Amino acid sequence: MRILLVEDDDRIAKPLAEDLRHQHYVVDVAADGESGWHYTQTADYELILLDLMLPHLDGISLCQQLRRSGYSGFVLMLTAKDTLTDKVMGLDAGADDYVVKPFELDELAARIRALCRRPPQIQPAILKQGALQLDPIHHHAHYGETLLDLTPKEYILLEHLLQHPGQVFTRAMLLDRLWELDRASSEGTVKTHISNLRCKLKAAGGSDQLIETIYGVGYRLNPLLHS
């Protein structure tokens, strides 16, 4: 899942973003409301974590602007204001949930998982193709009985391919969907991660062609290899 974190306090934004990336989310960070709006015009986000008090464009106004523009993803407000009036304002502006600072990272992670269980965002409990299985809830993947030791980015790549069986993705598409906008990455980075993922699948007993190269186009999970 791709998340946009709109938070102007680096003491909150940096550790929160890293924690979310450790949980295999793709996270972009904006430090003010106007930047947050521009990010949403560049990439598609399933969830926006939105601070209430922001420079240039406050969280309530940004949330209203997003909903008026047709944004249908989840919005979770993060704020130090905990009065009933503030909560009502946030929810009425279009937020789906509301977390009061200071908060525990585990609590926020649980809130995110709860939002993602709401229709129509619900995903299959286990993603499968033959002997390859990935559990999105517990964030681990197996080939047969072997637990795959994946980096966060390898996990996200594998999850994305399993969510779209048979679909071919170019390197540019994968870079756009799975890498943060503010991190310097190239299509060569995608190639390297695909190569590393193939090696780990082969070491676990799978074919090195489980992730198939469609020459001149991109990559997909090989629909002909089911074991």
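Here the residue index of a chain counts from 1 through its sequence in written order. Side-chain atom pairs in this predicted model are given and counted only at pLDDT of 80 or more, local residue features only at pLDDT of at least 70, and totals for whole chains, interfaces and linings cover all residues. Excluded from the side-chain calculation are hydrogens and water; included are all heavy atoms of the structure.

(A) Main features of the nonpolar core. Core analysis: the largest hydrophobic core is formed by 28 residues, its most contacted members being Leu132, Leu148, Leu158 and Ile211. Secondary structure is summarised from DSSP: a helix means a run of H or I of at least four residues, a strand means a run of E of at least two, and numbering begins at the N terminus for each. In terms of residue count, helix 6 (residues 152-163) provides more of this core than any other element does, six residues in total. Residues contacting Leu148, with those up to four places away along its chain left out, are Leu132, Ala141, His142, Tyr143, Leu158, Lys200, Leu201 and Ala204. Throughout, nonpolar core names a set of buried Ala, Val, Leu, Ile, Met, Phe, Trp, Tyr and Cys residues whose side chains join them through atoms within 4.5 Å. Each residue's exposure class comes from its accessible area (1.4 Å probe, protein chains only) as a fraction of the maximum for that residue type: buried when under 20%, exposed when over 50%, partly exposed otherwise. Listed in part, the 22 residues of the second largest apolar core include Trp37, Cys63, Met77 and Tyr98. Residue contacts are defined here by distance: any two heavy atoms, one from each residue, within 4.5 Å place the two residues in contact.

(B) Layout of helix 7 (residues 171-178). What helix 7 keeps buried is the set Leu174, Leu175 and Leu178. In a view along the axis of helix 7, the buried residues occupy a sector of 100°, so they form one face of it. The secondary structure elements touched by the buried residues of helix 7 are strand 1 (2-6), strand 2 (26-30), helix 6, helix 8 (187-203) and strand 11 (218-221). Here, the arc refers to the directions that run from the helix axis to the C-beta atoms.

(C) Structural view of the sheet that holds strand 6 (residues 127-129). The strand order 6-7-8-9 describes an open sheet built from four strands, whose pairing is antiparallel. Unpaired on one side and paired on the other, strand 6 and strand 9 (146-147) mark the two borders of the sheet. Lines fitted to the C-alpha atoms define the axes, with helices restricted to the stretch that makes contact. Angles between their N-to-C directions range from 0 to 180 degrees. Running over the sheet, helix 6 touches strand 6, strand 7 (132-135) and strand 8 (140-143) and is turned about 110° from strand 7. Pairing between two strands is assigned when DSSP locates at least 2 bridges connecting them.

(D) Region of the structure containing the pairing of strand 8. Judged by which residues are buried, strand 8 turns out to be one-sided: Ala141 and Tyr143 face inward and are buried, whereas His140 and His142, on the alternate face, are not. As defined by bridge partners, strand 8 adjoins strand 9 across two bridges and the pair is classed as antiparallel. The partner of Tyr143 across the bridge, within strand 9, is Thr146. Hairpin geometry of strand 8 and strand 9 is characterised by an intervening segment of two residues between the two adjacent antiparallel strands and by a positive phi of about 60° at Gly144.

(E) Quick peek at the pattern of salt bridges. By definition here, a salt bridge exists when the distance from a side-chain nitrogen of Lys or Arg to a carboxyl oxygen of Asp or Glu is within 4 Å. Tallying each qualifying case throughout the model produces 10 salt bridges. A salt bridge links Asp9 to Arg11; the nearest nitrogen and oxygen atoms lie 3.0 Å apart. A salt bridge links Glu18 to Arg21, with the shortest nitrogen-to-oxygen separation between them at 2.6 Å. Of this pair, Glu18 and Arg21 both sit in helix 1 (residues 10-22), three residues apart, which is roughly one turn of that helix. Residue classification places Arg21 among the buried positions, given a relative accessible area of 11%. Each of Glu7, Asp51 and Lys101 takes part in a single network of salt bridges with overlapping partners.

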